[in-house]
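Given next are the chains, with one letter for each unit.
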Amino acid sequence: MANEQSGPGKLGRMLDGIERVGNKLPDPAMLFLILLFAVWGLSALLSGVSFEAIDPRTNSPIEVENLLSAEALTHFLTSMVSTFTAFAPLGVVLVAMLGVGVAENSGFINTALKRMLKVTPLKFLTPAVVLVGIISHTATDAGYVVVIPLAGVIFFTVGRHPLAGIAAAFAGVSGGFCANFIPSGIDPLLQSFTQSAAQIVDPDIQINPLNNWFFAASSCIPIVLIIWYLTDKMLEPRLNRTHKVNVEEVDVPSMEESTPEEEKAFRVASLVMVAAMIGFFSLTVSETSTLRDANGSLTSFSAPLMQSIVPLIFIFFVIPGAIYGYMTGTFKNSIDVVQAMSKSMSGMAHYIVMAFFCAQFVAAFSASNLGALIAVEGASGLQAMNLPAEVTIVGLIILVAFVNLFVGSSSAKWALIGPVLVPMLMQLNISPDLSQAAYRVGDSSSNIITPLMPYFPLVVVYCQRYVKDIGIGTLISMMLPFSLFLLGLWSCWLLIYWSIGMPLGLGASYTY
């Protein structure tokens with residue numbers, strides 16, 4: 001990696017400084033271990049302190065649990081293995097990558113990329129990647145294991161910097177989490193917390209599960225535009241000067257013209273995959289389908305369909321990958337298919353190590369109640385300031401962005417601060433729908449700059465495929481402009497919505 005300056009200007013020098021400092025941090029695995037020890041120490045120091053902040057989940061004062069007590073240490077040891085194996089992102093990544101590995105090593109993905117690049121003008125490649133990333137929210141965490149790594153491959157094959165593709169996709173998948181044309185499981189999940197909080201003031205109020213849909217859908221266009229601009233005009237030129245890709249060491253398929261045999265295999269494999277998808281999703285049509293939840297919904301997190309997304313990714317990559325491999329001769333027998341899966345797993349070794357320490361830290365941080373303390377005290381502080389409504393909305397966005405650096409779960413944060421802020425903002429004639437939208441803006445904007453987000457280390461691994469000495473500081477410096485611009489753009493967009501009286505969702509209860 002080159003050490004030269006990224007170019008003139010204060011922003012370039014600031015990003016260089018952030019990168020240098022951030023890359024001096026330990027390996028992410030060791031960073032999570034250090035943070036685990038820090039949580040233990042803080043929990044022991046604060047366990048005897050009485051806090052006035054009320055935990056909305058229990059309606060009692062928050063108590064920090066001492067994780068250095070004999071009972072807590074015993075629980076830590078006895079649950080260490082189960083904490084690791086139950087770490088949700090680990091299963092998502094490994095199961096999905098097994099299927100992706102078959103499709104990638106057979107050559108199916110390579111041929112698919114060639115076809116896609118033929119119909120996608122190069123000047124629109126960045127916005128296409130960002131939009132796909134945004135839409136991938138519908139399939140829960142699929143974007144992290146499919147869209148982001150493929151974006152790096154796509155950019156590399158057309159001669160652009162692969163880290164720019166990864167950053168653009170990461171910004172779309174995680175930074176654009178609030179924006180989507182298609183409703184997803186997060187909508188009814190957050191709505192349930194919002195309605196409970198609003199009923200503290202108005203017991204009869206009903207919140208529509210799609211209360212932020214109009215706002216989320218209309219946000220897609222400005223979000224795509226800003227990420228497109230930042231990627232092409234700011235990030236990629238900087239990467240080209242400071243982070244050279246060693247082409248010889250990159251194991252990425254070539255983009256030579258497909259042979260007739262490959263084209264035939266691709267058509268057959270694709271048709272089989274489409275037929276399998278149609279057959280599967282036809283099972284969801286019936287109102288009594290076993291893929292629906294108890295209320296008949298297909299998009300709630302409790303719906304079997306949504307819980308099957310990762311297995312479906314595995315199946316719908318394995319099927320065409322295996323067919324393509326057999327038809328082109330890449331796979332001779334089942335052993336070759338298994339070896340393709342094994343190859344994909346070998347690249348996940350570093351992430352598995354990081355996931356082990358990350359799982360222990362996340363579990364300890366949750367058990368200590370430190371996250372709840374930070375969230376509730378922050379919400380109470382914002383309430384005590386008694387600021388004008390417009391300033392309070394922006395303050396809520398900034399508060400959530402800050403808390404998101406420590407508490408990654410979107411629903412967990414809203415469960416903590418929603419019961420404090422929603423009733424308070426209703427007194428300022430701010431609807432619960434607007435409060436929830438402001439929360440989602442802050443939550444999305446800072447996703448891409450917190451190393452404590454479980455998928456952040458995975459994105460570092462993707463980057464290291466092209467530039468070996470990439471570290472946490474490099475990724476933060478890459479994503480910081482995206483985060484700041486998204487925060488500012490979305491805040492202004494939300495205030496404009498409020499000022500001109502546009503609805504946030506379908507049947508949203510909006511008051512003035």
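Definitions and cut-offs
- Residues numbered from 1 in each chain as written.
- Predicted model: local features only at pLDDT ≥ 70, side-chain atom pairs only at ≥ 80, totals over all residues.
- Heavy atoms only, no water.
- Helix = DSSP H or I, 4+ residues; strand = E, 2+ residues; numbered from the N terminus.
- Rg over C-alpha atoms; globule rule 2.2 N^0.38 Å.
- Buried < 20%, exposed > 50% of the residue type's maximum accessible area, 1.4 Å probe, protein only.
- Contact = heavy atoms within 4.5 Å.
- Areas by Shrake-Rupley, 256 points an atom, 1.4 Å probe, with all protein chains shown as cover.
- Phe/Tyr/Trp six-rings, centres within 6.5 Å; stacked < 30°, edge-to-face > 60°.
- Core = buried A, V, L, I, M, F, W, Y, C linked by side-chain atoms within 4.5 Å.
- Patch = residues over 30% accessible without salt bridge, like charges linked within 9 Å, V, L, I, M, F, W, Y side chains within 5 Å.
- Salt bridge = Lys/Arg side-chain N within 4 Å of Asp/Glu carboxyl O.
- Expected span 1.5 Å × (residues − 1).
- Axes fitted to C-alpha atoms, helices over the stretch in contact; angles between N-to-C directions.
- Parallel < 35°, antiparallel > 145°, perpendicular 65-115°, else oblique.
- Nonpolar A, V, L, I, M, F, W, Y, C, P; charged D, E, K, R; others polar.
- pLDDT = per-residue confidence, 0-100.

(A) Region of interest: the overall build of the chain. For the chain, the count of helices and strands is 21 helices and 2 strands. Over its C-alpha trace the chain gives a radius of gyration of 24 Å, about what one expects of a compact globule, namely 24 Å for 512 residues. Expressed along its principal axes, the backbone C-alpha trace of the chain runs to roughly 70 × 55 × 55 Å. Taking all 512 residues of the chain together, the buried fraction comes to 53%. Look at the contacts in the chain between residues 6 or more apart in sequence, and 81% of them connect residues 24 or more apart. With the model as given, the accessible surface of the chain reaches about 21800 Å², and the carbon-plus-sulfur share is 67%.

(B) Structural view of the packing of aromatic side chains. Summed over all chains, the structure comprises 16 aromatic pairs. For the ring pair Phe108 and Phe266, a centre distance of 5.1 Å and an interplane angle of 25 degrees mean the geometry is stacked. Of the two residues, Phe108 sits in helix H5 (residues 108–119) while Phe266 sits in helix H11 (residues 260–281), which places them 158 residues apart along the sequence. Comparing Phe108 with Phe266 shows no difference in burial state: the two are buried.

(C) Inspection of the nonpolar core at higher detail. The biggest cluster of nonpolar side chains holds 152 residues, and the ones touching the most others in it are Phe170 and Met479. Among the elements that make up this core, the one with the highest residue count is helix H21 (residues 472–500) (12 residues). With residues up to four places along the chain from it excluded, the contact list for Phe170 reads Tyr144, Ile148, Gly175, Ile448, Met453, Phe456, Val459, Leu475 and Met479.

(D) Inspection of a nonpolar patch on the surface at higher detail. A cluster of nonpolar side chains, contributed by Leu131, Ile135, Phe181, Ile182, Ile221 and Leu225, occupies part of the molecular surface with about 490 Å² of accessible area. For the nonpolar patch, the elements supplying multiple residues, two or more each, are helix H6 (125–135) and helix H10 (213–242). Structurally, the position occupied by Leu131 is in helix H6. On the accessibility criterion, Leu131 (31% relative accessible area) is partly exposed.

(E) Highlighting H5. In this model, H5 (12 residues) spans 17 Å end to end at C-alpha, consistent with the 16 Å of a helix rising 1.5 Å per residue. Restricting attention to buried positions, one finds in H5 the residues Phe108, Ile109, Asn110, Thr111, Leu113, Lys114 and Leu117. The inward-facing, buried residues of H5 contact helix H4 (88–106), H6, helix H7 (142–157), H11 and helix H13 (309–328).

(F) Molecular detail of the pattern of salt bridges. All told, the structure shown has 4 salt bridges when counted by the stated rule. For Arg465, the salt bridge goes to Glu104, with nearest N and O atoms at 3.1 Å. With Arg465 in the loop between helix H20 (456–464) and H21 and Glu104 in helix H4, the pair connects residues that are 361 residues apart, well separated along the chain. Owing to a relative accessible area of 28%, Arg465 belongs among the partly exposed residues under this scheme. Among the residues examined, Glu104 registers a relative accessible area of 26% and is labelled partly exposed. For Lys413, the salt bridge goes to Asp443, with nearest N and O atoms at 2.8 Å. Of this pair, Lys413 sits in helix H18 (residues 410–427) while Asp443 sits in helix H19 (residues 432–445), placing them 30 residues apart in sequence. We note that Lys413, like Asp443, is buried.

(G) Focus on the packing of H6 against H7. In the contact formed by H6 and H7, the axes pass within 10 Å of each other and the chain directions differ by 170 degrees. Classed by the angle they form, the pair H6 and H7 counts as roughly antiparallel. Taking contact as the criterion, the partners of Leu125, Thr126, Val129, Val132 and Gly133 in H6 are, on H7, Val147, Ala151, Ile154 and Phe155. Looking at the contact of H6 with H7 residue by residue, the classes come out as 7 nonpolar, 2 polar and no charged.

(H) Region of the structure containing the confidence of the model for the chain. Of the residues in the chain, 93% have a pLDDT of 70 or more, and the chain-wide mean is 84. Within the chain, the element-level pLDDT minimum falls on helix H1 (residues 10–23), averaging 76, and the maximum on helix H3 (residues 70–85), averaging 94. The low-confidence segment residues 507–512, where pLDDT is below 50, has 20 contacts with residues more than four positions distant or belonging to other chains.

(I) Focus on unusual backbone geometry. Unusually for a residue other than glycine, Asn369 sits at a positive phi of about 75 degrees. Structurally, Asn369 is set in the loop between helix H15 (349–368) and helix H16 (370–385). For Asn369, a relative accessible area of 17% translates into the label buried.

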